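# Breakdown of the fold
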Amino acid sequence: YVVQHRNDLQMPFKRYQIQPVWRADRPQRGRYREFYQCDADIVGTDSLLCETDLVQMIDQVFKTFGVRVCIKINNRKILTGIAEILGAADKIVDITVAIDKLDKIGLDAVKEEMSQKGLTQQAIDVIDSILKLSGSTEQKIASMRTLMNGGSASGIVSETGLKGLDELEELFGFIAAAGVKHPVEIDLSLARGLNYYTGAIFEVKALDFEIGSICGGGRYDNLT
């Protein structure tokens, strides 16, 4: 729609829709072949205020539903940076696909999968330490900034990873200023399986009942 009407649209273009959708693959346990989905998109700007808008929307929607949630955020540039400082930039897909399974199969199985994909034990140990990082948003960003700035065993500097940390730091500043009510946290294990994302990625977890992600998405630039 945007490509067809780009000369007539005022940017940034914001839209949403609610409609029944269908899965083309074989649904896993607990997933339906047909279900209702709400999509919200912002097109036409690089500003991180777009991500802030979406976090505020998520916050308001689940507040209205009376569902307590935690909004988890990561950045694909950071995941790319991790692969770069490991000296395994060619294995970014293998790394992200494995990390994305952390909640489902556990850390030991994730490390075993990465080993089977050809990652060295040293690289797996670095990923293990990253996935176990604790502390505040500021502390996690500071620890990751040290790693991305040559502080890992390889000594490699990842400009892409540092850019991702800059974006996360700016975004969390906007979120704090916006007064979002639900908890928002950095989750460095958050990868999402779709590799077209280029920036911030989101998942929303319910706090009062055990189900998977109930909302997700992220930034993908240059899609058109």
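Residues numbered from 1 in each chain as written. Predicted model: local features only at pLDDT ≥ 70, side-chain atom pairs only at ≥ 80, totals over all residues. Heavy atoms only, no water.

In the structure shown here, the tally under the stated rule is 16 salt bridges. With a shortest N-O distance of 2.6 Å, Glu51 and Arg219 are connected by a salt bridge. Of this pair, Glu51 sits in helix H2 (residues 49-65) while Arg219 is found in the segment after strand S6 (215-218), placing the two residues 168 residues apart along the sequence. For the residue pair Glu51 and Arg219, the accessibility class agrees, reading buried in each case. (Salt bridge = Lys/Arg side-chain N within 4 Å of Asp/Glu carboxyl O. Helix = DSSP H or I, 4+ residues; strand = E, 2+ residues; numbered from the N terminus. Buried < 20%, exposed > 50% of the residue type's maximum accessible area, 1.4 Å probe, protein only.)

Before going further, it helps to spend a moment on the nonpolar core. Membership of the largest hydrophobic core comes to 48 residues, with the highest contact counts inside it found for Ile73, Ile82, Ile127 and Met144. Non-local contacts of Ile127, meaning those with residues more than four positions away in its chain, are made with Ile82, Leu86, Ile95, Ile99, Met114 and Leu119. (Core = buried A, V, L, I, M, F, W, Y, C linked by side-chain atoms within 4.5 Å. Contact = heavy atoms within 4.5 Å.)

Turning to helix H7 (residues 121-131), its buried residues number three or more, namely Ala123, Ile124, Val126, Ile127, Asp128, Ile130 and Leu131. Against helix H3 (76-85), helix H4 (92-99), helix H6 (107-116) and helix H8 (137-148) lie the buried residues of H7.

So, about the packing of H3 against H8. Contact pair H3 / H8: the axes reach a minimum separation of 10 Å and the direction vectors enclose 40°. Looking at the two axes, H3 sits oblique to H8. Relative to H8, the crossing made by H3 is left-handed. Across the interface between the two elements, Ile78, Gly81, Ile82 and Ile85 from H3 touch Met144, Leu147 and Met148 from H8. Looking at the contact of H3 with H8, its residues break down into six nonpolar, one polar and no charged. (Axes fitted to C-alpha atoms, helices over the stretch in contact; angles between N-to-C directions. Parallel < 35°, antiparallel > 145°, perpendicular 65-115°, else oblique. Left-handed = near helix turned anticlockwise from the far one by under 90°. Nonpolar A, V, L, I, M, F, W, Y, C, P; charged D, E, K, R; others polar.)

The next subject is the environment of Asn195. Looking at the secondary structure, you find Asn195 in the loop between strand S4 (184-186) and strand S5 (200-206). In this structure, the C-alpha to C-alpha distance between Asn195 and Ile92, residues 103 residues apart in sequence, is 9.4 Å. What Asn195 contacts, discounting residues up to four positions off in sequence, is Arg76, Val93 and Thr96.

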